[in-house]
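The residues making up each chain are set out below.
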Amino acid sequence: MTRKWINGAIALVLLLSLLVAACSETGPAPTPAPTVKPAQTQPPQPASQATSPPAAKPTTKPTPAPTSKPPPAAKPTTLPLSKAAPPPKPERVTILVANFGQEGFLPHNDNMAAYKVLPIYEALWDVDPDTRELRPMLAETLPQWSEDRKTLNVTLRQGVQFHDGWGEMTAEDVKFSLEMAGRKGSVNASVSDFAKANVEILGPYKLAIHLPAPDWAWATLNMSSGRFALPIVSKKHVEKVGDKEAGNMPIGTGPFKLVRHEFSQTLEFEAVPNHWRVTPDYKSLVLKVITEPGTTVSLLRTGEADIAAIPLTFVPEARAAGLEIRLQRNMGVIGIGLGGLYLPSRDTFNPDVPWVLGKDPEKALKVRKALNLAVNRQEIIDKVLNGIGGTWPILTTPNADASMDPAWKPYPYDPEQAKRLLNEAGFPNGFETTMIQFASTGHATREVAESVAIYWEKIGVKVKRLPMDQGAHRDRQTGRKNAGFAYPAWRTYADEGTLGIDSYWSTKSTGLGLQFEHPQVQELIAKAQAESDKDKRMAVIREIHKIIYDNYLAVPVSLEHMPIAVGKRIGDWQTLTGDAWLSRFEYIKLR
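Everything numeric here is computed off the predicted structure, so don't read it as measured data. (Residues numbered from 1 in each chain as written. Predicted model: local features only at pLDDT ≥ 70, side-chain atom pairs only at ≥ 80, totals over all residues. Heavy atoms only, no water.)

Draft legend 1. Just the overall build of the protein chain, in detail. The secondary structure content of the protein chain amounts to 17 helices and 16 strands. Put simply, 69% of the contacts in the protein chain that link residues at least 6 apart link residues at least 24 apart. In the structure as shown, the protein chain presents an accessible area of about 28,300 Å², 54% of it carried by carbon and sulfur atoms. (Helix = DSSP H or I, 4+ residues; strand = E, 2+ residues; numbered from the N terminus. Contact = heavy atoms within 4.5 Å. Areas by Shrake-Rupley, 256 points an atom, 1.4 Å probe, with all protein chains shown as cover.)

Draft legend 2. A look at the sheet that holds strand 7 (residues 206-210). Taking strand neighbours across the sheet as the criterion, the four strands line up as 4-5-7-6 in an open arrangement whose pairing is antiparallel. Where the open sheet ends on each side, the last strands, each with one partner, are strand 4 (144-145) and strand 6 (198-203). Two strands pair when backbone bridges link them, and strand 6 and strand 7 are joined in this way by five bridges, in the antiparallel orientation. Directly across from Ile201, in strand 7, lies its bridge partner Leu207. Sheet contacts for helix 3 (residues 171-181): strand 6 and strand 7; angle to strand 6, the most-contacted strand, approximately 175°. (Pairing = 2+ DSSP bridges. Axes fitted to C-alpha atoms, helices over the stretch in contact; angles between N-to-C directions.)

Draft legend 3. Fine view of the environment of Ile570. Of note, Ile570 is situated in the segment after strand 16 (555-566). A sequence separation of 21 residues divides Ile570 from Arg591, and the C-alpha atoms of the two residues are 5.9 Å apart. Setting aside chain neighbours within four positions, we find Ile570 in contact with Val93, Asp306, Ile307, Arg326, Ile588, Lys589, Leu590 and Arg591.

Draft legend 4. Expanded view of the packing of helix 16 (residues 519-530) against helix 17 (residues 534-551). Their axes nearest at 9 Å, the elements helix 16 and helix 17 cross at an angle of 165°. By the criterion of interaxial angle, the relationship of helix 16 to helix 17 is roughly antiparallel. The hand of the helix 16/helix 17 crossing is left-handed. Counting all contacts with helix 16, which are made through Gln520, Val521, Leu524, Ile525, Lys527 and Ala528, the residues of helix 17 involved are Arg537, Val540, Ile541, Glu543, Ile544 and Ile547. Taken together, the residues that form the contact of helix 16 with helix 17 break down as eight nonpolar, one polar and three charged. (Parallel < 35°, antiparallel > 145°, perpendicular 65-115°, else oblique. Left-handed = near helix turned anticlockwise from the far one by under 90°. Nonpolar A, V, L, I, M, F, W, Y, C, P; charged D, E, K, R; others polar.)

Draft legend 5. Examining the environment of Pro354 more closely. Examined against the element boundaries, Pro354 turns out to sit in the loop between strand 12 (324-338) and helix 10 (361-373). It is 9.7 Å that separates the C-alpha atoms of Pro354 and Gly430, two residues lying 76 residues apart in sequence. When sequence neighbours within four positions are dropped, the list of residues in contact with Pro354 reads Ala364, Val367, Phe427 and Phe431.

Draft legend 6. A look at the nonpolar core. The biggest cluster of nonpolar side chains holds 89 residues, and the ones touching the most others in it are Ile336, Trp355, Met435, Val452, Trp456 and Trp505. The contacts of Ile336, once residues within four sequence positions are left out, are Leu395, Met435, Val448, Ala449, Val452, Trp456, Ala486, Tyr487, Pro488, Ala489, Ala554 and Val555. By size, the runner-up hydrophobic cluster in this structure holds 34 residues, among which are Phe100, Phe269, Val289 and Val566. (Core = buried A, V, L, I, M, F, W, Y, C linked by side-chain atoms within 4.5 Å. Buried < 20%, exposed > 50% of the residue type's maximum accessible area, 1.4 Å probe, protein only.)

Draft legend 7. Spatial organisation of the pattern of salt bridges. Evaluated as defined, the whole model comprises 27 salt bridges. For the salt bridge of Arg135 with Asp126, the shortest nitrogen-to-oxygen distance reads 3.3 Å. (Salt bridge = Lys/Arg side-chain N within 4 Å of Asp/Glu carboxyl O.)

Draft legend 8. Just helix 11 (residues 377-384), in detail. Those residues of helix 11 lying buried are Arg377, Ile380 and Ile381. Taken end-on, helix 11 shows its buried residues confined to a sector of 95°, consistent with a single buried face. Looking at the buried positions of helix 11, the neighbouring elements they touch are helix 10, helix 13 (445-458) and strand 16. Backbone geometry just downstream of helix 11 places Asn386 in the positive-phi region, at approximately 55°. (Arc of directions from axis to C-beta.)

Draft legend 9. Up close: the side chain of Ser186. In this fold, Ser186 is placed in the loop between helix 3 and helix 4 (191-195). You can call Ser186 buried: its relative accessible area is 11%. Here Ala181 takes part through its backbone oxygen, which lies 2.6 Å from a polar atom of the side chain of Ser186. Ser186 has contacts with Pro107, His108, Met180, Ala181 and Val191, leaving out every residue within four places of it along the chain. (Polar contact = N/O pair within 3.5 Å; in protein donor to acceptor, adjacent residues only side chain to side chain.)

Draft legend 10. Inspection of the pairing of strand 7 at higher detail. Of the pairings in the sheet, the one linking strand 5 (residues 151-155) to strand 7 comprises five bridges and is antiparallel in character. The partner of Val154 across the bridge, within strand 7, is Leu207. The hairpin turn running from strand 6 into strand 7, its antiparallel successor, is two residues long.

Draft legend 11. Seen up close, the packing of aromatic side chains. All told, the structure shown has 11 aromatic pairs when counted by the stated rule. With a centroid separation of 5.2 Å and 25° between ring planes, the pair formed by Tyr411 and Tyr549 is classed as stacked. Of this pair, Tyr411 sits in the loop between helix 11 and helix 12 (415-424) while Tyr549 sits in helix 17, and the two are 138 residues apart along the sequence. This pair shows no difference in class: Tyr411 is buried, exactly as Tyr549 is. For the ring pair Tyr413 and Tyr455, a centre distance of 6.0 Å and an interplane angle of 70° mean the geometry is edge-to-face. (Phe/Tyr/Trp six-rings, centres within 6.5 Å; stacked < 30°, edge-to-face > 60°.)

Draft legend 12. The arrangement of the sheet that holds strand 1 (residues 89-97) in detail. The strand order across the open sheet built from 10 strands is 8-9-10-1-11-16-12-15-13-14, with neighbouring strands paired in mixed fashion. Each having just a single partner strand, strand 8 (256-262) and strand 14 (462-467) make up the two edges of the open sheet. This sheet shows a mean twist of 25° between the axes of neighbouring strands, independent of strand direction. Both strand 13 (residues 432-437) and strand 14 contribute to a ladder of six bridges, which runs parallel. Following the sheet pairing, Thr433 is matched in strand 14 by Val463. Contacts from helix 14 (residues 470-478) reach strand 13 and strand 15 (485-492), with the element oriented near 95° to strand 15.

Draft legend 13. Representation of the confidence of the model for the protein chain within the structure. Across the protein chain, the average pLDDT comes to 84, with 83% of residues at 70 or higher. Per-residue pLDDT stays below 50 along residues 1-80; that stretch engages in 26 contacts with residues further than four places along the chain or on separate chains. (pLDDT = per-residue confidence, 0-100.)

Draft legend 14. Quick look at the packing of helix 10 against helix 12. Viewed as axis vectors pointing N to C, helix 10 and helix 12 meet at an angle of 160°, and their least axial separation amounts to 8 Å. Looking at the two axes, helix 10 sits roughly antiparallel to helix 12. In this structure, the crossing between helix 10 and helix 12 has a hand that is left-handed. Between helix 10 and helix 12, the residues in contact are Lys363, Lys366, Val367, Lys369, Ala370 and Leu373 and Pro415, Gln417, Ala418, Leu421, Leu422 and Glu424, respectively. When grouped by side-chain class, the residues that make up the contact of helix 10 with helix 12 number seven nonpolar, one polar and four charged.

Draft legend 15. Layout of the side chain of Glu122. Within the secondary structure layout, Glu122 lies in the loop between helix 2 (112-115) and strand 2 (125-127). A distance of 2.7 Å separates polar atoms of two side chains, one belonging to Glu122 and the other to Arg277.

Draft legend 16. The arrangement of the environment of Thr266 in detail. The topology assignment puts Thr266 in strand 9 (residues 266-271). Taking the C-alpha atoms as reference points, Thr266 and Lys288, 22 residues apart in sequence, are found 4.7 Å from one another. Excluding residues that lie within four positions of it along the chain, Thr266 makes contacts with Phe100, Arg260, His261, Val286, Leu287 and Lys288.

Written out as C-alpha cells, the structure is:
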C-alpha cells in the first residue's frame, strides 16, 4: 500500500513538472513558486521600470512601444516651464493700432516695429518692464561672452514648443532666425549687425555667435530693443511652407498664437494654455488697424475696443468720454534740431547760417543760446501737451541719468536775455529762418514745432512754416540739405547710453534722427563704442553730453510719455517703460 502511494506521488510531481515546463520558455524556477503572493512592501514602480513577477513568463510577447519619443522633460530654469495656470477666460480684448508694418512677419522681411505688436514671438532675451535691465527669455542666462569679447555663448531653455505642433525650439531655429535676419536683401532694422555674425551650433541647446571684432552691445541692441529685433521662428515651418506663407501666418513660441490675418485690417490671436512663461488672462486678442484718432476714441467709448495709444491732442476728448488715460513713460525726448551744424568739409556746409557762422563761432553760440532761452518749455508741456511731459537738459535719451551731471538743469526761460544775445551776435532785428513741420506717429512733432516757432517770433526771429512729408524730410536729413532750417527732432529710449549715438551725432549717420556733426564728438563716439567697461563708457558719454549742453547744439523741449486710453474692462497691465509701441499684451488682466 505504501509503495503504491509513493509511486502515485512521484507520478503527480512529474505531471506537475511537465505542466510548469509547458507554460515556461525558460524552464521551471529553481525553487517552487509560492501559492500565495506576498504583500507588497514598497511602492509600485513605473511600468518602464517594473520587475517581472516570480511566475513563469508568458509565451506571447508584449506589443512593442512606439518608436517616436516625446520631447525631453523641461529643465528647471530662471522661469519654470509648463506652469500650471488657470485656463484663459472666454473673453476677447480688442486693441487699436496705427499699422502692422510691412506685414511679412519674418526676421528678414519686416522692420522691427512690426514685431512689437506680435505676441506670438519670443526672443533670446527680454527686458524688465521697469528698469529695462536685460533678462533671460529663450536663453537660460544673460549673455555669456568669451574673454576676447568676440564670441557670445548661448544656452537655450529646453522644452519650449512652437505653436501648432511644429516641435521644440532648438539651436537650429536660433541659427536659422539670425541668418534670415542678416541675409542679403533683408530689411531688418539691424541687418548689418546680424550679417556680421557667424553662428556655430555646439549642441541641440547650445550655440556660439562669433563676431569679427569685440562688440559688447551686440546682444542688447539686436535681441531686445523695445520688443524684439530678432524673433525666433521655426525653421521646419518656414522651410515647409515657404517664406510668403510663413510671413503671412507665422509660427512662434509666444503666449498667443495667430489664428487670423486680414491684411492691413485685423490680426486675431488665441491664448496658449499653460504657456511656459505666462498664460494670458483671456482667450482671444484682436489687433485692429484704425488710423483716425476720432474713430479710435469713439470705438473705445462704446466698448467696441479696449485699448489704444492716442495723440496728446486727443487726451481731453478721451477723458471727456469717460476713458482712463495711462502713460507709457519716458519713451523719448523731443525738441528742435538746428539744420546746418555739419562739418565744414561737407559740400552742403553753409557758414552764413546764424547758428553756424563759420567765421565767428562765438557769435553762433550766442544765437543758439538765445534760441534756447526764448522757449518756455513748461508752458508748452502744460498748455500744448496737456500736462503730459517733463523738462530735460539736452536732446538725448531719457534714461541717460548715469551719463548726465546732476548740476545740468533744463535751460531757463529768459526772453530778455535771449534778445540781448541776438543783439550781441549781430542780429538786433532778428533773422529769417524756416521751421519744417511734419507728422510722426507717436511724437507731437507738429505741436512742438509750432510752439517753438511762436516763442522765437517773440524775440524777433521771423519764422516761415514749411509743411513736409516725413519721408521728404528724411531725404533732406540724410543728404545734409537742411542748412538754415529748423525741424522737429527726438531721441528715443535706449537700453544703454551708447546705443544709437551714431544715428544722432555721427558723421556716418544716414538716419532721420541726425541732429548735428561735431569732430570732437565723433572721436568720443568711437571711444565709447570700443569700451567694454560700463563705468568707463558712461564717463565718455558724459563728455559728449557736456559738449552738447555747453554748446546748445539743439533745442530740447520735453520728455515724451505715450498716453494710452483704456476701457473699463482693463485691470492691471504693466507696460514697457521707454517703448513707443504697445506690447506685453499677455500681461493684461481683466477686471
